[in-house]
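Listed below, chain by chain, are the residues.
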Amino acid sequence: MTEKFIPITDYRNLNSVPVIPQVLEAPNGMLRDTLARPLHDLRISVTDHCNFRCVYCMPKEVFDKDYAFLPHSALLTFEEITRLAAIFVAHGVEKIRLTGGEPLLRKNIERLIGMLSSLRTPDGRELDLTLTTNGSLLAKKARLLRDAGLKRVTVSLDALDDAVFKRMNDVDFPVTDVLAGIDAAHQAGLGPIKINMVVKRGMNEQEILPMARHFKGSPYILRFIEYMDVGASNGWKMDEVIPSAEVMRRIDAELPLQQVAPNYQGETAGRWRYQDGGGEIGLISSVTQAFCHDCNRARLSTEGKIYTCLFAGSGHDFRALLRSNRSDHEISNAVAQIWRGRADRYSELRSANTSELPSATRKVEMSYIGG
Ligand code: SAM
Ligand code: SF4
Ligand code: SF4
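Residues numbered from 1 in each chain as written. Chains lettered and ligands numbered in written order. Predicted model: local features only at pLDDT ≥ 70, side-chain atom pairs only at ≥ 80, totals over all residues. Heavy atoms only, no water.

Peer 1: Explain the site of ligand 1 here, please?
Peer 2: In the vicinity of ligand 1 there are 20 residues, among which Tyr56, Gly101, Thr132, Ser156 and Met228 approach most closely. At a separation of 3.2 Å, an oxygen atom of ligand 1 approaches a polar backbone atom of Thr133. Coverage of ligand 1 by the protein amounts to 95% of the 540 Å² it exposes when considered alone. Taken together, the residues that form the shell around ligand 1 break down as 8 nonpolar, 10 polar and 2 charged. (Near = heavy atom within 4 Å. Polar contact = N/O pair within 3.5 Å; in protein donor to acceptor, adjacent residues only side chain to side chain. Areas by Shrake-Rupley, 256 points an atom, 1.4 Å probe, with all protein chains shown as cover. Nonpolar A, V, L, I, M, F, W, Y, C, P; charged D, E, K, R; others polar.)

Peer 1: Just to check I follow, could you spell out the environment of Ser45 for this structure?
Peer 2: Along the chain, the position of Ser45 falls in strand E2 (residues 41-45). The exposure class assigned to Ser45 is buried, which follows from its relative accessible area of 2%. Each C-alpha atom of the pair Ser45 and Trp272 lies 30 Å from the other, and the pair is 227 residues apart in sequence. Of the polar contacts made by the side chain of Ser45, one reaches the side chain of Thr302; its length is 2.9 Å. (Helix = DSSP H or I, 4+ residues; strand = E, 2+ residues; numbered from the N terminus. Buried < 20%, exposed > 50% of the residue type's maximum accessible area, 1.4 Å probe, protein only.)

Peer 1: Any chance you could explain the pattern of salt bridges here in plain terms?
Peer 2: Oppositely charged side chains may form a pair once their charged atoms are brought near each other. A full pass over the atoms with the stated rule returns 26 salt bridges. Close ionic contact of Lys60 with Asp170 constitutes a salt bridge, the shortest N to O distance being 3.8 Å. You can see Lys60 sitting in the loop between E2 and helix H1 (78-90) and its partner Asp170 sitting in the loop between helix H4 (162-169) and helix H5 (175-188), a full 110 residues away along the chain. We classify Asp170 as partly exposed; its relative accessible area is 24%. One salt bridge connects Glu330 with Arg326, and the closest N-O pair in it is separated by 3.1 Å. Connected through shared salt-bridge partners, Asp33, Arg37, Arg342 and Asp344 make up one network. (Salt bridge = Lys/Arg side-chain N within 4 Å of Asp/Glu carboxyl O.)

Peer 1: Any chance you could explain unusual backbone geometry here in plain terms?
Peer 2: Leaving glycine aside, a negative phi is the common case for residues, and trans is the common case for peptide bonds. The amide bond that connects Gly191 to the next residue, Pro192, takes the cis arrangement and shows omega of 0°. Within the secondary structure, Pro192 sits in the loop between H5 and strand E6 (194-199). Despite not being glycine, Asn108 shows a phi value in the positive range, around 60°. Locating Asn108 in the fold gives a position in the loop between strand E3 (95-99) and helix H2 (109-117). Although it is not a glycine, Asn325 adopts a positive phi angle of roughly 60°. Turning to its location among the elements, Asn325 is positioned in the loop between helix H8 (318-322) and helix H9 (328-340). Given the relative accessible area of 79%, Asn325 is considered exposed.

Peer 1: Help me understand the packing of H2 against helix H3 (residues 138-148) in this model?
Peer 2: Geometry of a packed helix pair, given as the angle between the helix axes and the separation of the axes. Look at H2 against H3: their axes get within 8 Å of each other, and the N-to-C directions meet at 25°. As the angle between them shows, H2 and H3 are arranged roughly parallel. In terms of crossing hand, the pair formed by H2 and H3 is right-handed. Contact residues: Ile109, Glu110, Ile113, Gly114 and Ser117 in H2; Leu144, Leu145 and Ala148 in H3. Split into classes, the residues belonging to the contact of H2 with H3 amount to 5 nonpolar, 2 polar and 1 charged. (Axes fitted to C-alpha atoms, helices over the stretch in contact; angles between N-to-C directions. Parallel < 35°, antiparallel > 145°, perpendicular 65-115°, else oblique. Left-handed = near helix turned anticlockwise from the far one by under 90°. Contact = heavy atoms within 4.5 Å.)

Peer 1: What's the story with the environment of Pro122 in this structure? I'm lost.
Peer 2: Note that Pro122 resides in the loop between H2 and strand E4 (128-133). Once the C-alpha coordinates of Pro122 and Met211 are considered, the two residues, 89 residues apart in sequence, prove to be 41 Å apart. Ignoring anything within four residues of it in the chain, the contact list for Pro122 reads Val89 and Ala90.

Peer 1: I would appreciate a short explanation of the nonpolar core in the present structure.
Peer 2: Inside soluble globular proteins, nonpolar side chains tend to come together where they are buried. Leu42, Ile96, Leu98, Ile195, Phe224 and Ile251 are the most contacted members of the largest nonpolar core, which has 116 residues in total. Setting aside residues up to four positions removed in sequence, Ile251 forms contacts with Ile208, Leu209, Ala212, Phe224, Leu257, Tyr274 and Ile281. (Core = buried A, V, L, I, M, F, W, Y, C linked by side-chain atoms within 4.5 Å.)

Okay, structure coming up:
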């Protein structure tokens, strides 16, 4: 029988309104936190709703008809999101990823994409504007997204076997529709497309090789993600994590691999290429080889809270600033103050001492903050 977890939404109330410093300064794109990490990526969650109920993210027992999703009035408007994003870009952000929940469920998402795609870095460059999706609506929307200015997409797909995939998305959604979405995105020019597979022991580990074989030699880069202890609703246990090293060994035994140098410093995925020239895969070892030392991401929740770590228990309420007549200059200084004070390194601490970390009952949910 499935264990019933208690829905915990009180992390939403654990926020502070950012303090505006007394002396204001102009952003110069050179922010560093207490560990000298720059601010480079912004992940924006545009909805906390989803049409899937992936067992590791939004288990049905918790995210049921009684779950308190955010009311529409709580959501940042597209204008508010774009205003904040522009402030982050002035501070050095060059990459924006839209996520959720399922971002393609947000009505008129292409309008937001159009607005964000007109932002430029301080030296006039276009942003790397991307989106992570479960692929269910991609076949219908790929062309629209591309025309609006989206550069590329990452699609989550946890299995090729229909029965396994349906067990994971828990809403009976067929694999073929996601594969059609991936092809539509490719046709629309939303590449290079990455495919994310979360590997959970006892659930989809038998799909590692079929997925590797299927995407080998294709235009798509398959990435294996270690199952993480985000939120407080998925009942995470360390023994359900398949370490990336094990995934690599299983693939290498049949399809020999060799390691490749990272594309850039701070790349989260370890790169491996097939020795026969069949392309490459990525291994994201968020649990067994934490990459906090290079983590340069801020996250904006659906209702306008900034989180400086995926595992944070509380956020900074920028919606309160946006809706209280604060100037861009003031908000920009609040961003700088928060980033300069950032010391987060949850995964490194967890890796060092998993069993002694306090059980985090109030961690923010992945569907709220965005993956
Ligand atoms: N709905 C979209 C999707 O599934 O691609 C975007 C949001 S989803 C929260 C973003 C990513 O987080 C997905 O690739 C998903 O597989 C991953 N994810 C969710 N829960 C996870 C967990 N517990 N451990 C590792 N990855 C997880
Ligand atoms: Fe929805 Fe994405 Fe979470 Fe799955 S991983 S439940 S598709 S938000
Ligand atoms: Fe970044 Fe927090 Fe993840 Fe470490 S645990 S990589 S600081 S989001």
